[in-house]
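Take a look at the letters that make up each chain.
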Amino acid sequence: MYNSKITGLGYYVPENVVTNDDLTQWMDTNDEWIQERTGIKERRWIDPKTDDNTSSMGAKAARIAIERAGLTKDDIDFIVFATLSPDMYFPGGGVRVQDMLDMPTIGALDVRNQCSGFIYSLSVADQFIKTGMYKNILVIGSENHSGGLERSTRGRGVTVIFGDGAGAAVLSRSEENGKGILSSHLHSEGKHAKELALEGPATGRWVPEIIQENDPNDVSYYPHMNGQFVFKHAVVRFSEAIVEGLQTNNLQATDIDMLIPHQANLRISQFVQKKFGLSDSQVHNNIMKYGNTTAASVIIALTEAWELGKIKDNDLVVLAAFGSGFTWGSVIIRW
Ligand code: ACO
């Protein structure tokens with residue numbers, strides 16, 4: 001068995017800043033409501049005049065991560081790409097990044113796990129490395145939410161939360177014992193699939209059907225969320241996944257040096273922080289600046305924390321996420 005270690009990190013967010021006040025041009029909302037309920041002050045939304053999209057943002061983040069790993073694109077053996085907002089219904093973003101970076105004909109896998117997409121992807125990459133199949137894997141999380149949100153008062157419960165962006169990590173084979181990814185823990189509960197979903201277009205709700213019905217009240221092609229229901233499950237599942245990760249490695253909450261929670265809501269992060277008795281400097285949040293970037297959120301926050309010097313050699317770093325599916329999980333890393 002080999003160990004796997006993160007050797008490179010990068011992120012990219014579109015330049016266009018959309019403040020809470022900016023949102024009032026489309027919907028009845030206000031800065032106070034959004035900040036009080038979510039902690040969000042602003043988010044990045046792709047300016048349609050630019051060439052940013054889910055895969056191109058992923059490719060930009062990937063270039064940085066590969067360079068920081070001290071590698072070239074030709075050293076990468078495999079791509080895992082997580083998103084809920086692909087450029088096309090098919091194929092997925094992984095092959096698009098392979099092409100954009102002019103990589104050899106390596107394999108590319110897309111992961112459809114929404115907010116826990118990066119956690120799942122990192123776990124998949126970890127298994128490929130631990131079995132010896134691959135040496136360097138590019139793991140990307142990227143989202144273009146702004147292209148598919150309902151910009152109206154009807155959609156405000158969801159639209160104000162989400163932002164665009166991408167992050168990438170290079171996971172590499174390592175000979176160092178006790179370092180790198182110690183364990184990952186993945187869960188799902190599909191009975192709650194419709195509590196946070198975008199139902200069409202998909203084969204269960206295909207385009208001709210939507211057009212034919214032409215129903216002004218049809219919102220099936222916009223994301224919808226039972227916010228309070230999701231919130232209640234999120235705080236429980238986040239905590240469970242972290243406890244499971246700590247117990248597996250015979251660790252305590254006091255061993256955590258840095259927690260990177262998925263940036264769904266600052267209140268959820270604060271709840272988890274309090275539950276595990278962590279100080280502000282032990283939890284990295286950036287939802288204030290970027291909103292919820294779903295599959296990109298954990299990797300953007302991890303990269304940012306690392307860039308700020310908040311993560312040092314030998315630190316115990318815990319990643320955790322919960323979201324649509326429901327799916328959730330954690331990754332425990334000895335840096
Ligand atoms: N601006 C102003 N008012 C609003 C807005 C808005 N943007 N959105 C909703 N409201 C109103 C509602 O209409 C409602 O009004 P009413 O009481 O007159 O009916 C009131 O505010 C309260 O609405 P709630 O939806 O009950 O607000 P809540 O306190 O639950 O906050 C939120 C909503 C922020 C979405 C919260 O429920 C939440 O964070 N949920 C969890 C999100 C999460 O973890 N998601 C998982 C990851 S996402 C993924 O996987 C894709």
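Please read all numbers here as calculations on a predicted model, not as lab measurements. (Residues numbered from 1 in each chain as written. Predicted model: local features only at pLDDT ≥ 70, side-chain atom pairs only at ≥ 80, totals over all residues. Heavy atoms only, no water.)

J.: Mind showing me how you'd approach the sheet that holds strand S6 (residues 136-143) here?
T.: Two strands in a sheet stick together by hydrogen bonds in their backbones, pointing the same way (parallel) or opposite ways (antiparallel). Sheet architecture is open: 5 strands sit in the order S1-S7-S6-S4-S5, paired in mixed fashion. Taken across any chain shown, the strands that pair with only one partner, and hence form the sheet edges, are strand S1 (3-12) and strand S5 (107-111). Averaged over all neighbouring strand pairs, the angle between strand axes comes to 20°, with direction disregarded. Sitting on the sheet, helix H3 (residues 54-68) is in contact with S1, strand S4 (78-82), S6 and strand S7 (165-174), with an inclination near 125° to S1. Strands S4, S5 and S6 of the sheet are contacted by helix H4 (residues 93-100), whose axis makes an angle of about 130° with S4. (Pairing = 2+ DSSP bridges. Helix = DSSP H or I, 4+ residues; strand = E, 2+ residues; numbered from the N terminus. Axes fitted to C-alpha atoms, helices over the stretch in contact; angles between N-to-C directions. Contact = heavy atoms within 4.5 Å.)

J.: I tried to follow helix H11 (residues 297-307) on my own but got confused; where do I start?
T.: Since there are 3.6 residues in each turn of an α-helix, residues three or four apart along the chain are aligned in direction. For H11, the tally of buried residues reaches 9 of 11 residues, placing the bulk of the element in the interior. Where H11 ends, the next residue or the one after it, Gly309, has phi of about 75°, a positive value. (Buried < 20%, exposed > 50% of the residue type's maximum accessible area, 1.4 Å probe, protein only.)

J.: So what exactly am I meant to see when it comes to the packing of H3 against H4 here?
T.: Packed helices, taken two at a time, are described by the angle between their axes plus the distance between the axes. For the pair H3 and H4, interaxial distance at closest approach is 9 Å and the crossing angle is 55°. For the element pair H3 / H4, the angle class is oblique. Taken as a pair, H3 and H4 cross one another with a handedness that is right-handed. Judged by residue contacts, Ser55, Ser56, Gly58, Ala59 and Arg63 of H3 engage Gly93, Arg96, Val97 and Met100 from H4. In terms of residue class, the contact of H3 with H4 is built from 3 nonpolar, 4 polar and 2 charged. (Parallel < 35°, antiparallel > 145°, perpendicular 65-115°, else oblique. Left-handed = near helix turned anticlockwise from the far one by under 90°. Nonpolar A, V, L, I, M, F, W, Y, C, P; charged D, E, K, R; others polar.)

J.: Looking at this model, I keep getting lost on the site of the ligand. Mind explaining?
T.: Near the ligand, the surroundings consist of 25 residues, among which Thr29, Arg37, Cys115, Gln228 and Asn265 are the closest. Note that an oxygen atom of the ligand is positioned 3.1 Å from one of the side-chain N or O atoms of Trp33. At 2.7 Å, a side-chain N or O of Gln228 approaches an oxygen atom of the ligand. Protein chains bury 73% of the 1000 Å² of accessible surface belonging to the ligand in isolation. Residue assignment for the shell around the ligand shows that the elements contributing at least two residues are helix H2 (31-38), helix H6 (156-159), helix H8 (227-248) and strand S12 (316-323). (Near = heavy atom within 4 Å. Polar contact = N/O pair within 3.5 Å; in protein donor to acceptor, adjacent residues only side chain to side chain. Areas by Shrake-Rupley, 256 points an atom, 1.4 Å probe, with all protein chains shown as cover.)

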